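Residues per chain are reported as follows:
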Amino acid sequence: MLGKGSQRVALDETDWSGLMLAVRDGRDRAAFASLFRHFAPRLKSYLMKSGASAPKAEDCVQDVMATVWHKAAQFDPERAAVSTWVYTIARNRMIDMLRRERRPEPEAMPWDEDSEPDQADVYAAAEDSRLLSAALADLPEKQRSLIQRAFYGDLSHSEIALETGLPLGTIKSRIRLALDRLRAKMTES
Amino acid sequence: MTTLPTIRHHLNDALLMGYAAGHLSEAFGLVVATHVTMCDDCRARLESYEALGGAVIEAEDETAVSTDALARMMARLEVPVVSASPKAPRKTSLPSPVSAYVGGDLDAVKWRALGGGVRQAILPTGPKATVRLLHIPAGQAVPDHGHRGMELTLVLRGAFRDATDRFGPGDLEIADEDLAHKPVAEVGEDCICLAATDAPLRFAGFMPRLLQPLFRI
């Protein structure tokens, strides 16, 4: 476990997962400030491209990052990279702000909160995220922009590219494995 | 909700991407969330699309936030938030995303007769698409219909067959304009489905067409 006063180790500025755990377990404000400096300008771009005005995007960024601080206990590095977790918070906030509809959500999986995190899973989730970012960067500009536009809501349903050219299948199999293990554990108990 | 290993008809990538990106209508979103609740495979696929959303954020240009944004943020952390402790969802026979819209379990559904023993209950959502629960008695058919837009039909209980295949619990049929179909509930058990449409259905018969505005189908 990270955090807690004297045990704290110097954290790499780009180790988002480590920083997020310092926020979660140590309520580390400096770590939070680093996360804010990294994510806030990117979230603002994403929100503005998704149709929010600059002031609205700015407010939304504050709400999203406040949620990151207050709901930090829900961050699980075995399940998702920090960027994925932050993204889902931003997406949900954007729907609430712009659409004023209810947002149907799948039933939450009862992830086993008591057990020690499996370091291999933590590593795999971070590695997935790194690979995916690298793969996205390597795509031809046209294809990358298509994927980005799908996230901004610029594509109609039928225009959404089905072939992303990204290693999504690999991630899916890993998550699927984790789900299988969890189901097996739940059946045992 | 236990996952159903026998599911054969799944969400397609466009729906998963649309949900992950937050751009599906509320009605379609409810069908996706319900299928994902019943299907581990599609939950895993959805989470990988959400990871793609994370990668899109990482790849974003940086738009400068106002100079006092960080200071305001840090000040805001001081203000304690009172958050309602999340209620553990009551165990219902309906998947929890559906029971949230019904406001309870199956016995809380306000059914309306649709003819031929078929009953429906339209769930309250935003206006861009409509979602309903359908109760089809064992062995009965839903009137023959086509669609102008897209129709998603998710089986919650029982099973139905149409010209394309058999659909059991957790199976999702994705029908577009080209499919005119007549779902028939299997003999033995009533079939309960969650069905969403983004345009009114087209019924083949004359009488159902007359009744259509009345029933909002």
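The structure contained in this document is the topic of the report that follows. This one's a predicted model, so the numbers in the text were calculated from it and none came from an experiment.

## Structural notes on the overall build of chain B
Moving on, step 1. Within chain B, the secondary structure is distributed over six helices and 11 strands.
Moving on, step 2. With 217 residues in all, chain B has 54% of them scored as buried.
Moving on, step 3. A separation of at least 24 residues holds for 68% of the contacts in chain B among residues at least 6 apart in sequence.
Moving on, step 4. On chain B, roughly 9,600 Å² of surface is accessible, and the fraction owed to carbon and sulfur atoms is 56%.

## Side note on the sheet that holds strand β5 (residues 151–157) of chain B
Residue and element names in this part refer to chain B.
Moving on, step 1. The strand order β1-β2-β3-β10-β5-β8 describes an open sheet built from six strands, whose pairing is antiparallel. Each having just a single partner strand, β1 (112–113) and β8 (172–175) make up the two edges of the open sheet.
Moving on, step 2. Two elements, β1 and strand β2 (residues 119–123), share two bridges in a ladder whose sense is antiparallel. Paired with R112 across the strands is Q120, a residue of β2.
Moving on, step 3. Of the strands in this sheet, β2, β3 (130–136), β5, β8 and β10 (191–197) touch helix α2 (residues 26–38), which is tilted by about 40° from β5.

## Some points on a negative patch on the surface
Residues and elements named next belong to chain B.
Moving on, step 1. A surface patch of like charges, here negative, comprises D176, E177, D178 and D198.
Moving on, step 2. Along the chain, the position of D198 falls in the loop between β10 and β11 (201–203).
Moving on, step 3. Exposure remark for D198: the relative accessible area of 39% places this residue in the partly exposed category.

## Structural notes on the interface of chain B and chain A
Moving on, step 1. In this assembly, 63 residues from chain B lie in contact with 62 residues from chain A.
Moving on, step 2. Taken over both partners, the interface formed by chain B and chain A buries close to 6,100 Å², and the fraction arising from carbon and sulfur atoms is 60%.
Moving on, step 3. The largest contributions to the chain B side of the interface with chain A come from I57, E58 and L77 of chain B, which together make up 11% of the buried area.
Moving on, step 4. Counting the contacts that link chain B with chain A gives 10 salt bridges.
Moving on, step 5. E60 of chain B is paired through a salt bridge with K49 of chain A; the nearest N and O atoms lie 2.7 Å apart.
Moving on, step 6. Where chain B touches chain A, the interface holds 29 residue pairs in polar contact (both at pLDDT 80 or more).
Moving on, step 7. Of all the secondary-structure elements, those providing two or more residues to the side of chain B that touches chain A are α1 (13–21), α2, α3 (40–58), α4 (69–78) and α5 (96–102) of chain B.

## Points about the packing of α2 of chain B against α3 of chain B
In a packed pair of helices, the relevant descriptors are the angle between the two axes and the axis-to-axis distance.
All names here are of chain B.
Moving on, step 1. Packing of α2 against α3 brings their axes to within 6 Å, and their N-to-C directions diverge by 120°. In terms of orientation, α2 lies oblique with respect to α3. The interaxial crossing formed by α2 with α3 has left-handed handedness. Across from H35, V36, T37 and M38 in α2, the residues of α3 making contact are D40, C42, R43 and L46.
Moving on, step 2. Tallied by class, residues from the contact of α2 with α3 come to four nonpolar, two polar and two charged.

## Some remarks on the environment of Q143 of chain A
Moving on, step 1. Tracing the backbone shows Q143 of chain A in helix α6 (residues 141–152).
Moving on, step 2. Through-space distance from the C-alpha of Q143 of chain A to that of G165 of chain A is 8.5 Å; in sequence the pair is 22 residues apart.

## Focus on helix α4 (residues 82–99) of chain A
All names here are of chain A.
Moving on, step 1. Spanning 18 residues, α4 covers 25 Å between terminal C-alpha atoms, matching the ideal 26 Å at 1.5 Å per step.
Moving on, step 2. Counting buried positions along α4 gives 14 out of 18 residues, so the element sits mostly inside the fold.
Moving on, step 3. A positive backbone phi angle near 50° is found at R100, which sits one or two residues after α4.

## Topic: the packing of aromatic side chains
Moving on, step 1. Taken as a whole, this structure holds six aromatic pairs over all chains when the rule is applied.
Moving on, step 2. With centroids separated by 5.4 Å and ring planes inclined at 75°, the aromatic side chains of F32 of chain A and W69 of chain A adopt a geometry described as edge-to-face. Within this pair, whereas F32 of chain A is found in helix α2 (residues 29–49), its partner W69 of chain A is found in helix α3 (residues 54–70), the two being separated by 37 residues in sequence.
Moving on, step 3. Overall, F32 of chain A belongs to the buried group, its relative accessible area being 0%.
Moving on, step 4. Ring plane angle 55° and centroid distance 5.5 Å describe the contact between F75 of chain A and W85 of chain A, whose orientation is recorded as tilted. Note that F75 of chain A is positioned in the loop between α3 and α4 and W85 of chain A in helix α4, a separation of 10 residues in sequence.
Moving on, step 5. Owing to a relative accessible area of 1%, F75 of chain A belongs among the buried residues under this scheme.
Moving on, step 6. With a relative accessible area of 12%, W85 of chain A lands in the buried category.
Moving on, step 7. Members of the aromatic cluster, connected to one another through ring pairs, are Y46, Y87 and F151 of chain A.
Moving on, step 8. Cation over ring: R27 of chain A sits above W69 of chain A, and NZ or CZ is 4.1 Å from the ring centre.
Moving on, step 9. For the cation-ring pair, R102 of chain A lies above Y101 of chain B, with the distance from its terminal atom to the ring centre recorded as 4.0 Å.

So, how was this worked out
Residues numbered from 1 in each chain as written. Chains lettered and ligands numbered in written order. Predicted model: local features only at pLDDT ≥ 70, side-chain atom pairs only at ≥ 80, totals over all residues. Heavy atoms only, no water. Helix = DSSP H or I, 4+ residues; strand = E, 2+ residues; numbered from the N terminus. Buried < 20%, exposed > 50% of the residue type's maximum accessible area, 1.4 Å probe, protein only. Contact = heavy atoms within 4.5 Å. Areas by Shrake-Rupley, 256 points an atom, 1.4 Å probe, with all protein chains shown as cover. Pairing = 2+ DSSP bridges. Axes fitted to C-alpha atoms, helices over the stretch in contact; angles between N-to-C directions. Patch = residues over 30% accessible without salt bridge, like charges linked within 9 Å, V, L, I, M, F, W, Y side chains within 5 Å. Salt bridge = Lys/Arg side-chain N within 4 Å of Asp/Glu carboxyl O. Lys, Arg positive; Asp, Glu negative; His and termini not counted. Charge placed at Lys NZ, Arg CZ, Asp CG, Glu CD. Buried area = accessible area lost by both parts, 1.4 Å probe. Polar contact = N/O pair within 3.5 Å; in protein donor to acceptor, adjacent residues only side chain to side chain. Parallel < 35°, antiparallel > 145°, perpendicular 65-115°, else oblique. Left-handed = near helix turned anticlockwise from the far one by under 90°. Nonpolar A, V, L, I, M, F, W, Y, C, P; charged D, E, K, R; others polar. Expected span 1.5 Å × (residues − 1). Phe/Tyr/Trp six-rings, centres within 6.5 Å; stacked < 30°, edge-to-face > 60°. Lys NZ or Arg CZ within 6 Å of the ring centre and 35° of its normal.

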